[in-house]
Amino acid sequence: MSAIAARTRIPVRSRTPDPVTQSRVFRSEWIKLWSLRSTRWSLSLGLLGLLLGIPNAAFDMSRWYSLPLQTRLHYKSVDNALIGWHFSELAIGVLGVLVISGEYSTGMIRSTFMAVPRRLPVLWAKVVGFALVVLVLSIPLTFIDFFGSSAVMAQHHVNPSLSTPGALRAVLGIPLFLTVLAVFAVGLGALLRNTAAGIGTFAGIIFVIPGFVGVLSTSLKNAINPYLPSNAASAFFTVTRDPADHLLHPWVGFAVFCGYAAVLLAAAAVLLVRRDV
Amino acid sequence: MIEVQNLTKRYGERVAVEDLSFVVEPGVVTGFLGPNGAGKSTTMRLILGLDAPSSGTALVGGRAYHEIPDPLREIGAMLEAHAIHTGRSARNHLRALAATHGIGDARVEEVIDLVGLGQVANKRVGTFSLGMGQRLGIASSLLGDPLTVVLDEPVNGLDPEGIRWVRELLRGLAAEGKTVFLSSHMMSEMALIAERLVVIGKGRLIADTSVEEFVEKASAGAPVQVRSPRAEDLRAALERMRADVDSVGDGELLVRGSTPGQIGDLAAELGIPLHGLTPQHISLEDAFMQITRTSVEFHTGSEKPELKVVA
């Protein structure tokens, strides 16, 4: 074919746009979330970890009389019943990072952004989808754990109820904390775009930094400690509070933790649009 | 249609694409050629809105990629490095992409059948062979039945049957009036599929032309095969005119540096009979090597381009 003929334009059919919408992107992310075996497993295991309060209570009850008298007199029935959040915290943090870093490591992010070139709807859909799953599943699991543990603790009459001061806040607070933590982790993953860096940073923030702060001088430690993400969060749902910990007021603690998640997510959103992939 | 205008992309100090301008028209298959590191993939990423240009524009159907409300219906793409999560099944991968555009499961099944992945659609992509991955990539690019299709190395890893299938598929798309833009380092394949070529080297445009023109231009310095009963006399005369002559067998010469016209005229002048005068055609691959090597960017100064002759 000659160059002239090749340049002849063939009319292309006109088309009516059928745009990408936030709800369509949400649906897409929903399919993605549930179509990975690793997600299903780690999410299930992570959230089932919330039930660990029950065996923990059973263990305490079985050795009740060998526990120190002070422990028995001031038994932290609510906190002990809900102790499983430590496990879920780690699982949700790791999974939240993976929800987005996994796309970068496999190259899937390019397919994703080619389909949704404005990119932000993807971040919102991932955050909302994952956080919603965490919220919806963790509420019933926390209640089941609470009542299960309470039933076990009844044998030594230290069982808490929802009317125990602070109990309802804790039972609802843990799912809320895990939900915001899900946002925090997805934001971190989107910001760092790398699984190892994301999980490492998450573990650093939650588990390592508190240890470093612990060795600072008392005044410095007391000034910083309450504002660390992990401590601000636990101030929200810890019922038995040790004055030496200088925990924030529960709702202030929760607000501070939400602030961290919001800042991370905002930074991730700004960079998501700007960076090349 | 893809319109690239004065496109430049710098990564820090390194210039990946520099002042690149070309147009990919609908209705034909356009090949995108360039040595490794020439900036082909960068150019494709710029067109697809994955990287932001340092300056210049890349428009698809008259709009920048991120301004297209439904990009998968406008342009479908497959990038060389598979942009697919290995833990997901082929079907779920396609369903997730389709969902962003409200494309139904019926179309997902259609493209799965079209690329012949029906048997393995529920298997995890991580278990796929290179060829199956390519087919899935092509399926993704066709999901939205787009007006433009961009494929980076589509025949990589395909068996001969698969290669022929891709060739026919792309020709069919072009015949429907779609814009088809593909890169390949398999020059013989490109010669069979593409009608037009965009050739780049070191991020700059080297040629934007038809395959024929490209080969013709590169063939300008190609040898002429001459047969004559008085070959030795002709050889002496040609060498006096500073042509480069090789004897290839009895009564046959291979002449470089003279056109068939010049050789014929000289023979007539000297009364030397000619039994054959055949300009040699070179393959697209040779043309590509010739043009990229002789373009300033690629001149290494080491050796004179050696042309492999295809009779």
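Once a new chain begins, its residue numbering starts again from 1 and follows that chain's sequence as written. Going through the entries in the order they are written, you letter the chains from A and number the ligands from 1. Per-residue local features are limited, in this predicted model, to residues with pLDDT of at least 70; the limit for side-chain atom pairs, both in listing and counting, is 80 or more; totals at the level of whole chains, interfaces and linings are taken over all residues.

## A word on the overall build of chain B
What counts is decided by this rule: Segments assigned H or I by DSSP are reported as helices when at least four residues long, segments assigned E as strands when at least two residues long, and all are numbered from the N terminus. Our exposure labels follow a C-beta count within 10 Å of each residue's own C-beta, placed from the backbone: buried means 20 or more other C-beta atoms, exposed means 12 or fewer, and partly exposed covers the counts in between. By definition, residues are in contact whenever their C-beta atoms, placed on the basis of the backbone, come within 7 Å of each other.
In terms of regular secondary structure, chain B is built from 11 helices and 14 strands. In terms of overall dimensions, chain B has C-alpha extents of about 75 × 45 × 35 Å along its principal axes. Classification of the 311 residues of chain B by burial places 48% in the buried group. Counting only contacts in chain B whose residues sit at least 6 apart along the sequence, the fraction spanning at least 24 positions is 68%.

## Structural notes on the overall build of chain A
The cut-off we apply is this: The reference for a compact globule is 2.2 Å times residues^0.38; the radius of gyration itself is calculated from the C-alpha atoms.
Helices and strands together make up the secondary structure of chain A, namely 14 helices and 0 strands. Counting from the amino terminus, chain A carries its helices and strands in the arrangement α-α-α-α-α-α-α-α-α-α-α-α-α-α. In terms of overall dimensions, chain A is more spread out than a globule: its C-alpha atoms have a radius of gyration of 24 Å, far above the 19 Å expected for 277 residues. Along the first, second and third principal axes, the C-alpha set of chain A runs to 95 × 40 × 25 Å. The burial tally for chain A puts 44% of its 277 residues in the buried class. For chain A, restricting intrachain contacts to residue pairs at least 6 apart in sequence, the fraction spanning at least 24 positions comes to 79%.

## Re the sheet that holds strand E2 (residues 14-24) of chain B
All names here are of chain B. Put simply, the rule reads: Whether two strands pair comes down to DSSP finding at least two bridges between them.
Here 4 strands make up an open sheet; going across it, the order is E2-E1-E4-E5 and the pairing antiparallel. Strands at the two margins of the open sheet, each flanked by one partner only, are E2 and strand E5 (63-64). Two strands pair when backbone bridges link them, and strand E4 (residues 55-60) and E5 are joined in this way by 2 bridges, in the antiparallel orientation. Residue Val 60 lies in a different strand from E5, and its bridge partner there is Arg 63.

## Things to note about unusual backbone geometry
Phi angles above zero are rare outside glycine, and Arg 193 of chain A is one such case at about 60°. Relative to the elements of secondary structure, Arg 193 of chain A occurs in the loop between helix H10 (167-192) and helix H11 (195-214). Assessed through the 19 C-beta atoms surrounding it within 10 Å, Arg 193 of chain A is described here as partly exposed. Phi is positive for Asn 6 of chain B, which is not a glycine, with a value near 45°.

## Focus: the nonpolar core
Formally: Nonpolar core, as used here: buried Ala, Val, Leu, Ile, Met, Phe, Trp, Tyr and Cys residues forming one set through C-beta atoms within 7 Å.
Ala 182 of chain A together with Ile 47 of chain B are the most contacted members of the largest nonpolar core, which totals 155 residues. Residues within four places of Ile 47 of chain B in sequence aside, it is in contact with Ile 2, Val 4, Ala 58, Val 60, Tyr 65 and Val 150 of chain B.

## Describing the interface of chain B and chain A
One frequently used descriptor of interface size is the decrease in accessible area upon assembly of the parts. What counts is decided by this rule: We call Asp, Glu, Lys and Arg charged. Ala, Val, Leu, Ile, Met, Phe, Trp, Tyr, Cys and Pro are nonpolar, and the rest, Gly among them, are polar.
Listed per partner, the contact involves 44 residues of chain B and 38 residues of chain A. Going through the elements one at a time, helix H2 (71-74), helix H3 (90-99) and strand E10 (204-210) of chain B are the ones with two or more residues in the side of chain B that touches chain A. The greatest single-element share of the side of chain B that touches chain A, amounting to 5 residues, is contributed by H3 of chain B. Residue composition of the side of chain B that touches chain A, by class: 19 nonpolar, 16 polar and 9 charged.

## Some thoughts on the packing of helix H7 (residues 85-106) of chain A against helix H9 (residues 120-153) of chain A
Residues and elements named next belong to chain A. For clarity, the threshold we go by: The axes used here are C-alpha line fits, helices contributing only the stretch in contact, and every angle between their N-to-C directions lies in the interval 0 to 180 degrees. By the definition adopted for this analysis, an angle is roughly parallel if under 35 degrees, roughly antiparallel if over 145, roughly perpendicular if from 65 to 115, and oblique otherwise. With the far helix as reference, a near helix turned anticlockwise by less than a right angle produces a left-handed crossing, and one turned clockwise produces a right-handed crossing.
The interhelical angle for the contact between H7 and H9, taken along N-to-C directions, is 155°, at an axis separation of 11 Å. The orientation of H7 relative to H9 falls into the category roughly antiparallel. Two packed elements cross with a definite hand, and for H7 against H9 that hand is right-handed. Along its contact with H7, which presents Ile 92, Gly 96, Val 99 and Ile 100, the element H9 presents Lys 126, Phe 130 and Val 134.

## Regarding the confidence of the model for chain B
Residues and elements named next belong to chain B. The line we're drawing: pLDDT is defined as a per-residue confidence score from the predictor, taking values between 0 and 100.
Scored by pLDDT, chain B comes out at a mean of 88, with 94% of its residues at no less than 70. When pLDDT is averaged over each element of chain B, H3 comes out on top at 97 and helix H11 (residues 284-294) at the bottom at 74. Low pLDDT, under 50, characterises residues 296-311; the predicted model gives this stretch 22 contacts beyond four residues in sequence or across chains. Among the prediction metrics, the complex's ipTM stands at 0.88, with pTM recorded as 0.86.

## Topic: the sheet that holds strand E7 (residues 148-152) of chain B
All names here are of chain B. Within the open sheet, the 6 strands sit side by side as E6-E7-E8-E3-E9-E10. Their pairing is mixed. With one partner strand each, in any of the chains shown, strand E6 (75-78) and E10 form the two edges of the open sheet. Neighbour-to-neighbour, the strand axes of the sheet open up by a mean angle of 15°, direction not taken into account. Both strand E9 (residues 196-201) and E10 contribute to a ladder of 6 bridges, which runs antiparallel. Bridge pairing in E10 links Arg 196 to Ser 210. This element, helix H1 (residues 40-47), spans strand E3 (29-33), E7, strand E8 (179-183) and E9 of the sheet and lies at about 150° to E7. Across the face of the sheet, helix H8 (residues 211-219) comes into contact with E9 and E10 while running at roughly 110° to E10.

## What to know about helix H2 (residues 22-34) of chain A
Our working definition: By this rule the span expected of a helix is its residue count minus one, scaled by 1.5 Å.
Taking 1.5 Å per residue as the helical rise, H2 of chain A with its 13 residues ought to reach 18 Å, and the 18 Å between its terminal C-alpha atoms agrees with that figure. Tucked inside the fold, the buried residues of H2 of chain A contact helix H3 (37-48) and H9 of chain A together with H3 of chain B.

## Digging into the environment of Val 213 of chain A
All names here are of chain A. Of note, Val 213 is situated in helix H11. As a C-alpha pair, Val 213 and Leu 95 span 118 residues in sequence and 27 Å in three-dimensional space. If we skip the residues at most four places from it in the chain, Val 213 touches Lys 221, Ile 224, Asn 225 and Leu 228.

## With respect to the environment of Thr 112 of chain A
Residues and elements named next belong to chain A. Relative to the helices and strands, Thr 112 resides in helix H8 (residues 108-115). Residue classification places Thr 112 among the buried residues on the basis of 26 C-beta atoms within 10 Å. Spatially, the C-alpha atom of Thr 112 lies 13 Å from that of Leu 272, the residues being 160 residues apart in sequence. Among residues more than four places away in sequence, those in contact with Thr 112 are Glu 103 and Val 122.

## As for the pairing of E9 of chain B
Residue and element names in this part refer to chain B. Taking burial as the measure, the 6 residues of E9 include 6 buried ones, the bulk of the element. With burial as the criterion, each face of E9 is covered, one bearing Arg 196, Val 198 and Ile 200 and the other bearing Leu 197, Val 199 and Gly 201. Relative to E9, E3 runs parallel, the two sharing 4 bridges. Opposite Thr 30, over in E9, you have Arg 196 as the bridge partner.

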